[in-house]
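What the coordinates show
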Amino acid sequence: MRRRVRSVPGGFAGKTAVVTGGGSGIGAALTRALAAAGADVTCTDLDLAAAERVADGTSHLPGSVRAQQLDVTDGTSVGDVVDDVVATTGHLDLMFNNAGIALGGNTELLALEQWNAIIDVNIRGVVHGVAAAYPHMIRQRSGHIVNTASMAGLTAAGLLTSYVMTKHAVVGLSLALRSEAAAHGVGVLALCPAAVETPLLDADGVGGFSGRTYYLSGQGVRKAYDADRFAGDALAAVESGQPLLVVPIQARLAWRFARVAPGLMQRAAAGFVSRQRQEQRL
Ligand SMILES: NC(=O)c1ccc[n+]([C@@H]2O[C@H](COP(=O)([O-])OP(=O)(O)OC[C@H]3O[C@@H](n4cnc5c(N)ncnc54)[C@H](O)[C@@H]3O)[C@@H](O)[C@H]2O)c1
């Protein structure tokens, strides 16, 4: 059941939010953080049962969470979910385009279907969310679009080439849109974390590739970032109007290194790929 809470300027209470990929990992943590802050959340996922489990776990929180099945590769369905929130509540305040998949391994092993699948979810999925939410936000002259990109959208190391491509697209989309959207009172934020502790780390790729080994050794961190802590950082970044959220500090340093010394960064990436190929016998 949906509960209406009076909107608190600058806060999340009473705000309406749609989260894609909300059944697991970062999307589930974003849903919990929003509900804890009093927002009314439509938690969507390809996996309805997963979204329902997340919603069930938030019943003690001040906000409300409604679970809904949604495949972000289906643009019409994404539009229907967003239109339904606007029709029911009169507004859409926050659109989290978060659903994503990863695919690692030597690029020559990728089938065309795998390239298309990652483009469909990670790029088209975000485009569908933007196309659905942005016109409503322009009309209401407020709102925030939050796209889950990745540290892989700011730096580029191989064995994750298709993923890196999609996340660079999400960063580009977010920053360009942000420069247009400000005039309409709409904010845009791209989330660019390094490894976050979610099931995605164990989504192995082609040819024996291990995501967990790759992500953790590549970023100079021993432990992946906590998803709930990351969701809290993300809401703080929405409130402060940041363009990009890059965590942890090692990721910010790597990003700076890539901008200051792109040639050296490329050499470092090649060395990393070579070590990963040896370590993982790829
Ligand atoms: N975990 C990390 O280390 C990390 C780091 C940087 C960025 N990210 C990004 O964070 C986002 C969330 O990933 P996560 O780590 O929470 O992974 P996760 O696997 O825990 O969650 C992803 C969710 O997306 C859903 N999903 C997959 N395809 C979908 C589709 N077509 N339509 C709707 N939902 C779909 C899955 O069912 C799952 O519930 C992704 O965009 C990912 O690329 C993750």
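Higher on the page you've got the structure.
Before going into details, it helps to say that this report is about the structure given with it. Only a predicted model underlies this, so the values are computations on that prediction, with no experimental measurement involved. (Residues numbered from 1 in each chain as written. Predicted model: local features only at pLDDT ≥ 70, side-chain atom pairs only at ≥ 80, totals over all residues. Heavy atoms only, no water.)

**A closer look at the overall build of the protein**
Convention followed: Working definition: helices are DSSP H or I runs of at least four residues, strands are E runs of at least two. Numbering for both runs from the N terminus. In this description the radius of gyration comes from C-alpha coordinates, and the expected globular size is given by 2.2 Å times residues to the power 0.38. Summary of the burial criterion: residues with accessible area below 20% of their type's maximum are buried, those above 50% are exposed, and those between are partly exposed, where the area comes from a 1.4 Å probe applied to protein chains only. By definition in these notes, contact holds between two residues if any of their heavy atoms fall within 4.5 Å. Surface exposure here means Shrake-Rupley accessible area, sampled with a 1.4 Å probe, where a residue is shielded only by the protein chains that are shown. In this tally, Asp and Glu contribute negative charge and Lys and Arg positive charge; neither His nor the terminal groups of the chain are included. The location of each charge is read from NZ of Lys, CZ of Arg, CG of Asp or CD of Glu.
The number of helices and strands found in the protein is nine helices and seven strands. For the protein, the C-alpha radius of gyration of 18 Å lies close to 19 Å, the compact-globule estimate for 282 residues. Each principal axis of the C-alpha atoms in the protein carries an extent, and together these give about 55 × 40 × 35 Å. In the protein, buried positions account for 52% of the 282 residues. Pairs at least 24 apart in sequence give 71% of the contacts found in the protein among residues at least 6 apart. When the accessible surface of the protein is split by element, carbon and sulfur atoms take 56% of a total near 12,400 Å². A distance of 10 Å separates the average location of the 24 positive side-chain charges in the protein from that of its 23 negative side-chain charges.

**A short note on the pairing of strand S4 (residues 94-97)**
Regular strands place their side chains on alternate faces of the sheet. What counts, and what does not: Strands were regarded as paired on the criterion that DSSP finds at least two bridges between them. A crossover counts as right-handed when, viewed with the strands pointing away from the observer, the path leading from the first strand over the helix to the second turns clockwise.
A two-sided burial pattern is seen for S4, the buried positions comprising Leu94 and Phe96 on one face and Met95 and Asn97 on the other. Both S4 and strand S5 (residues 143-148) contribute to a ladder of four bridges, which runs parallel. Looking across to S5, one finds that Leu94 is bridged to His144. Between S4 and its parallel partner S5, the chain crosses via helix H4 (residues 112-140), and the hand of that crossover is right-handed.

**Re the nonpolar core**
Grouped burial of nonpolar side chains is what soluble globular proteins tend to show. Quick reminder of the rule: Here, nonpolar core means buried Ala, Val, Leu, Ile, Met, Phe, Trp, Tyr and Cys residues that are tied together by side-chain atoms lying within 4.5 Å of each other.
Formed by 34 residues in total, the largest nonpolar core has its most connected members in Leu34, Phe96 and Leu245. Elements supplying a minimum of two residues to this core: strand S1 (16-19), helix H1 (25-36), strand S2 (40-45), helix H2 (48-56), S4, strand S6 (186-193), helix H7 (227-240) and strand S7 (244-247). Ignoring sequence-local partners within four residues, the contact set of Phe96 consists of Ala17, Val18, Val19, Thr20, Leu30, Leu34, Val146 and Leu235. Among the nonpolar cores identified, the runner-up in size contains 32 residues, and Val86, Ala133, Leu177 and Leu244 belong to it.

**Notes on the packing of H1 against H7**
This is how it is decided: Think of each axis as a best-fit line through the C-alpha atoms, taken over the contacting stretch in the case of a helix, with angles from 0 to 180 degrees between the N-to-C directions. If an angle is under 35 degrees, it is roughly parallel; if it is over 145, roughly antiparallel; if it lies from 65 to 115, roughly perpendicular; otherwise it is oblique. Left-handed is the label given to a crossing in which the near helix is rotated counterclockwise from the far helix by less than a right angle, and right-handed is the label when the rotation is clockwise.
The interhelical angle for the contact between H1 and H7, taken along N-to-C directions, is 60°, at an axis separation of 8 Å. In terms of axis orientation, H1 runs oblique to H7. Where H1 crosses over H7, the handedness of that crossing is right-handed. Touching Gly25, Ile26, Ala29, Leu30, Arg32, Ala33 and Leu34 of H1 are Ala227, Asp228, Phe230, Ala231, Ala234 and Leu235, all from H7.

Fair warning: the whole summary comes from geometry, so function is off the table for now.
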